[in-house]
Structure formats: C-alpha cells, structure tokens
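Residue-level listing of the chains:
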Amino acid sequence: MSTTTTRTTIKHFINGAETVGEGDRTQPVYNPATGAISAELRLANRADLDATVAAARAAADSWGDFSLAKRTNVLFKFRELVAAHVDDLAELITAEHGKVLSDAKGEIGRGLEVIEFACGIPQLLKGDYSDQVSTGIDVFSFREPLGVVAGITPFNFPVMVPLWMAPMAIAAGNAFILKPSERDPSPSMLLAKLWKQAGLPDGVFQVLHGDKETVEGLLTHPDVDGISFVGSTPIAKYVHETATAHGKRVQALGGAKNHAIVMPDADLDNAADHLAAAAFGSAGERCMAISVAVAVGEAADLLVKKVEERALAIKVDNGTVAGAEMGPVITPASKERIVKIVTEAQSAGAAMVVDGRDLVVPGHEDGFWVGPTVIDHVKTEMTAYTEEIFGPVLVVVRVEDLDAGIALINANPYGNGTAIFTSSGANARKFQRSVTVGMIGINVPLPVPVAYHSFGGWKASLFGDKHIYGPEGVSFYTRGKVVTSRWPEPTHDSGASYNFPSS
C-alpha cells in the first residue's frame, strides 16, 4: 500500500537524544480511522533498558541537588512550550489514538493544569520546624526525591496521563522514565523534545518504548525506586505485587465501571446530554467514562428515550474532520471484544436501544469503528455489566430507589468514579457519603479532580496508598526526613544520658 513508502520509524529518547537502540524487534503503529500502518515502533531490549536506567540514575543524583528556583524555571518553560504545541500534540494523538481533535486538545489542557501545579513545587515541599522541643533541641522535617521513577501509561490519554506523572516527579527532583503505550507512542517523543528545549538536563526525562519485557524490567530493576502505572485492573494488580516485592514504591491505577444514578427529580435533558457525552466521548475509552446509567423509578423510560436521541445524533468520523464528535476505537481486537460483549447482552435478553456494531464510515471502511450503543434492561450478571467494556457502550440498569442504586454501586468491585443527577441536596449528600467510590460527581458526569486535588479510586481501581498528582503526587514522589538538632555551648555539660531524654 502507498503508506509503506512514507512509514516512519519511532525511536527511543535516551539520555537527551533519539536513538534506535539495540533491540531489533519492532511493532506497527496504526491509524485507527483508516486501518493503515503509519509507523514502525522500535522496541527496547535489556541493553536499552539498562542504558536508560543508568542515565536516569546519573541524572537523578545531580538533578535532585538543583535548587528549587532552577527546577521551577525549567517547569515554567516546559509549560509554555506545551501550550505552544497544543495543535502539534493533538494531531499526533488523533493520528494514532483516533479521538477527535477537540477531545485531544482537551486532554492536553488537563495535562497543562498539572504542569502549572508542579510549578508551585517550592511551596509544596516546605517542611515543618519545631523550636525547643527539649532544652536546646530543635526538630525539623523535609522531603527528598525518591531517585529514579518510571511511568507506565495507557493508550487512551497519551499526553494527559504522562503529564499527570512526569512534571510532579521531575519537580520533586527525580529522574523519570516514561514507558508509553505501544499503540500511540509519538506524542511522548514530542514531549521529550519539549522537555529538552525547556532546559531539562539529559537523562532526567527519557522515553523507552517496549512491551511486556520492558515493563517487567522496570518493575524489577534494582535502580528504579518507584513505579506509576495506569491501566487495567489485572495488570495494575500485577504491577503493584511485582514492584513492591522488589522494594519499590508503587501507585497503580486500575480499571473502572462507573455508574451514574439518575433520579426522577433530575433535569432529564441535562442528564441525558451529560450521559451521552460521558459514555461516547473518546469512543468510551476513558477510565472515567460513564458506562452504566442507573435509572431510578419513573425516570427510566423518558431518560432512555432522551439518551437514544442523543446517541443517534452523534457524528462519528475521522477525528480530523470538522464537526466530528467521536472517532474509532483503538484496534481491531478492541472492536471485536466490544461487539462480542454487546451481542452477549442481546442474546441474554437485554434490549438494544441503539446498535453501533455495524457502523461504517464512508471513505474509511477499513477503520476500527463501533458506533454509539445503548442497551436497556441490563442485568448485573451480564458481561455488559460485569466487564469494563472500554468502548462507546452505555448500559442501563433500572432500580426502584436511591438506596437500591447505592447498593448496586457498592457491590461493584470497582470504585473509580460515580455520579448522581438530582435536584435534591438531601439525595446528593446521602449519595456522596454512602458510596464506596473515590471520585464523585453531583450533576457532573466526569468527576476528574482539578490538579490541586488528587486523582484516584477505591477498591479494585487502585493498588497502593497514594493517588496520582496533586498533594498525594508530591508525597508519592518524595520521602520524608526528620532531623533532631542540638548545638550545645562548648562550656556546657554534654547532657548525655542513659535515659530517654524528655525535657
């Protein structure tokens, strides 16, 4: 095919420069809208991994000693460069992920918020001081960087999720190794070039492409001190168990099955608008997508009708087309899995309200398309409910009242995000206090916290005790020291005692 002649090779970014590395394996990168191969990705071998970690270790030893003023100077420059290259980054995201350009720009905007938060690192790293805790003795605390940390990131947000991690880690004084998804690796390479342009020393931010072999190497390498991971729950659990067994600090964010309760007293037009956007935006490939609408009582029939109208009106097309609202899913295997789960639900007795299984986009017949899909009367034993579909599928579960909806959510193994649509403050307060979920929206469908709070769920959606970015991100990428200090006058008695001093 004609794309073969223009196919590019995507390299690693190690110690300040692009390199093909020593590994001889490659993997194709696709444009999901066309189905065509757009590039060949170089995959790392053990020698590439060791070289990357060695460069990070050397860089961390010096970068951690840089003054906060110098670190923030780099961060401010990086922020301006990312803002200046939003269009370039968005085009790379759309070409390899498939999401529409406006959505791609939206994820970059959320990443910029975290960079801006990280620019305030001098305030965030301030310690405590206690004067005269005992006679002539003072105690103070401060935080130091971990050293070398790695970020293993998913395909669905190839800019935002790396920016949830790297600016926080680097601002805190660490060297950061990014292992991005093999499916959309190009945005990471542009980020690496922008870090270098901002003045970041070589080795402080590196990009190492690879598959399971590279991930395993990062989880077990003795010179890697911390791991940040975002992905599916089974892999998050494995990452946490393996890396902690090798003495590393780990934050591993897993999957989700996010419910939105819609009460009869809700503004149903508003709720339907937000449900459609939250279910079908980015083709449903978000860990914060609303994939279950919990319709309470008499709200159900009208709500389903309104969501149906909105789903049918969504413009599905190549993400570069003006006015496109939803693009393709990431791979043929993803499409096949989504279609299989929808078919199983239909066979089990669920009602197909909107069926996107056979969608064809003219001119893009080889793309990986699944249209917006709405399934009503879904039962909790169906795979459409139990599985994280990660596609443009909204299932509707009907319940009698708010208590039943809360019980449904709390019985689910995931606890990432949830929402309620209601005009009752009493309902909202009961909901927010009762659900066992980490992030909650009240008349807000995607409760992703702003950068100065922290992102993370409960239950099978998080492994480790620290959420990502925000104050908990600072805590994760640093460790505390407490110093007890005494400066006696030369003429004074030493005060040494065999008893524990207390005064």
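Explain the overall build of the chain here, please?
The helix and strand tally for the chain stands at 16 helices and 23 strands. Relative to the 2.2 N^0.38 estimate, which gives 23 Å for 503 residues, the radius of gyration of the chain is 25 Å and therefore close to what a compact globule would have. C-alpha extents for the chain along the principal axes are approximately 90 × 60 × 40 Å. Evaluated residue by residue, the chain yields a buried proportion of 56% over its 503 residues. Carbon and sulfur atoms provide 53% of the accessible area of the chain, an area that totals close to 20500 Å². In the chain, 43 side chains carry a positive charge and 58 a negative one; their mean positions are 3 Å apart.

What is the right way to look at the sheet that holds strand β6 (residues 129-134) in this model?
Sheets are built from strands paired through backbone hydrogen bonds, the pairs being either parallel or antiparallel. With respect to topology, three strands assemble into an open sheet ordered β6-β7-β23, the strand pairing being antiparallel. Edge strands, defined here as strands with exactly one partner in the open sheet, are β6 and β23 (478-486). On average, each strand axis in the sheet is tilted by 30° relative to the strand beside it, whichever way the strands run. Summarising the sheet, strand β7 (residues 137-145) and β23 pair through nine bridges and their orientation is antiparallel. The residue of β23 that forms the bridge with Glu144 is Arg479.

I would appreciate a short explanation of the layout of surface pockets in the present structure.
Rolled over the atoms, a probe with the dimensions of a water molecule shows which regions are left empty. Estimated volume of the largest pocket: approximately 1000 Å³. Taken together, 44 residues form the lining of the largest pocket, with Phe155, Arg183, Gly231, Ser232 and Ile235 sitting closest to its centre. Sorting the residues of the lining of the largest pocket by element identifies α8 (212-220), β11 (226-230), α9 (233-245) and α12 (332-347) as the ones contributing at least two each.

Could you clarify how one ought to interpret the packing of α8 against α9 in this entry?
The description of two packed helices rests on the angle between their axes and on the distance between the axes. Two numbers describe how α8 lies on α9: the axes approach to 8 Å, and their chain directions differ by 40°. Compared by their axis directions, α8 and α9 come out oblique. Contact residues: Lys212, Glu216, Leu219 and Thr220 in α8; Tyr238, Val239, Thr242 and Ala243 in α9. Broken down by class, the residue content of the contact of α8 with α9 amounts to four nonpolar, two polar and two charged.

When you look at the environment of Arg143 in this model, what are you seeing that I'm missing?
Here Arg143 lies in strand β7. Arg143 sits in the partly exposed class, given a relative accessible area of 33%. If sequence neighbours within four positions are ignored, Arg143 has contacts with Leu125, Ser475, Thr478, Arg479 and Gly480. A distance of 3.3 Å separates a polar side-chain atom of Arg143 from the backbone oxygen of Ser475. There is a polar contact of 2.6 Å between the side chain of Arg143 and the side chain of Thr478.

Can you help me understand the pairing of β11 in this one?
Side-chain positions along a regular strand alternate between the two faces of the sheet. Among the five residues that make up β11, five are buried, leaving the element largely enclosed by the rest of the structure. Side chains of β11 alternate between two faces, with Gly226, Ser228 and Val230 and Ile227 and Phe229 buried alike. Note: strand β8 (residues 148-152) against β11, four bridges, orientation parallel. Looking across to β11, one finds that Gly151 is bridged to Ser228. Pairing of β11 with strand β12 (residues 249-253) involves five bridges; the strand directions are parallel. For Gly226, the partnering residue across the bridge sits in β12 and is Arg249. Between β11 and its parallel partner β12, the chain crosses via α9, and the hand of that crossover is right-handed.

Looking at this model, I keep getting lost on the packing of aromatic side chains. Mind explaining?
For any two aromatic rings, the description comes down to two numbers: the centre-to-centre distance and the angle of the planes. Counted under the stated rule, the structure contains 12 aromatic pairs. Consider the rings of Tyr129 and Phe140, whose centres lie 6.2 Å apart with planes at 15°: the pair is stacked. Here the residue Tyr129 occupies a position in strand β6, and Phe140 occupies one in strand β7, the gap between them amounting to 11 residues. According to the relative accessible area criterion, Phe140 is partly exposed, its value standing at 28%. For the ring pair Phe455 and Tyr469, a centre distance of 6.3 Å and an interplane angle of 40° mean the geometry is tilted. Taken together, the residues span a long stretch of sequence, with Phe455 in the loop between β20 (439-442) and β21 (458-459) and Tyr469 in the loop between β22 (462-463) and α16 (470-476) at a distance of 14 residues.

How should empty space enclosed by the protein be read in this particular structure?
Under the criterion given, the structure shown has three cavities of 30 Å³ or more. Each pocket or cavity is described by its volume, and for the largest cavity that value is around 120 Å³. Taken together, 15 residues line the largest cavity, and the ones lying closest to its centre are Gly284, Arg286, Ala289, Ser291 and Phe390. The residue inventory of the lining of the largest cavity, partitioned by class, reads eight nonpolar, four polar and three charged.

Just to check I follow, could you spell out the packing of helix α2 (residues 68-84) against helix α6 (residues 160-171) for this structure?
At their nearest, the axes of α2 and α6 sit 9 Å apart, and the two run at 155° to each other. Considered as vectors, α2 and α6 are oriented roughly antiparallel to each other. Seen from α2, the contacting residues are Arg71, Leu75 and Phe78; seen from α6, they are Leu163, Pro167, Ile170 and Ala171. Of the residues belonging to the contact of α2 with α6, the class tally is six nonpolar, no polar and one charged.

What counts and how
- Residues numbered from 1 in each chain as written.
- Predicted model: local features only at pLDDT ≥ 70, side-chain atom pairs only at ≥ 80, totals over all residues.
- Heavy atoms only, no water.
- Helix = DSSP H or I, 4+ residues; strand = E, 2+ residues; numbered from the N terminus.
- Rg over C-alpha atoms; globule rule 2.2 N^0.38 Å.
- Buried < 20%, exposed > 50% of the residue type's maximum accessible area, 1.4 Å probe, protein only.
- Areas by Shrake-Rupley, 256 points an atom, 1.4 Å probe, with all protein chains shown as cover.
- Lys, Arg positive; Asp, Glu negative; His and termini not counted.
- Charge placed at Lys NZ, Arg CZ, Asp CG, Glu CD.
- Pairing = 2+ DSSP bridges.
- Axes fitted to C-alpha atoms, helices over the stretch in contact; angles between N-to-C directions.
- 1 Å grid on protein atoms, 1.4 Å probe; cavity = no way out; pocket = protein on both sides within 12 Å on 5 of 7 lines; lining within 4 Å.
- Points joined across faces, edges and corners; volume = space filled by probe spheres on them.
- Parallel < 35°, antiparallel > 145°, perpendicular 65-115°, else oblique.
- Contact = heavy atoms within 4.5 Å.
- Nonpolar A, V, L, I, M, F, W, Y, C, P; charged D, E, K, R; others polar.
- Polar contact = N/O pair within 3.5 Å; in protein donor to acceptor, adjacent residues only side chain to side chain.
- Right-handed = clockwise from strand over helix to strand, strands pointing away.
- Phe/Tyr/Trp six-rings, centres within 6.5 Å; stacked < 30°, edge-to-face > 60°.

All we've got here are geometric facts, nothing functional implied.
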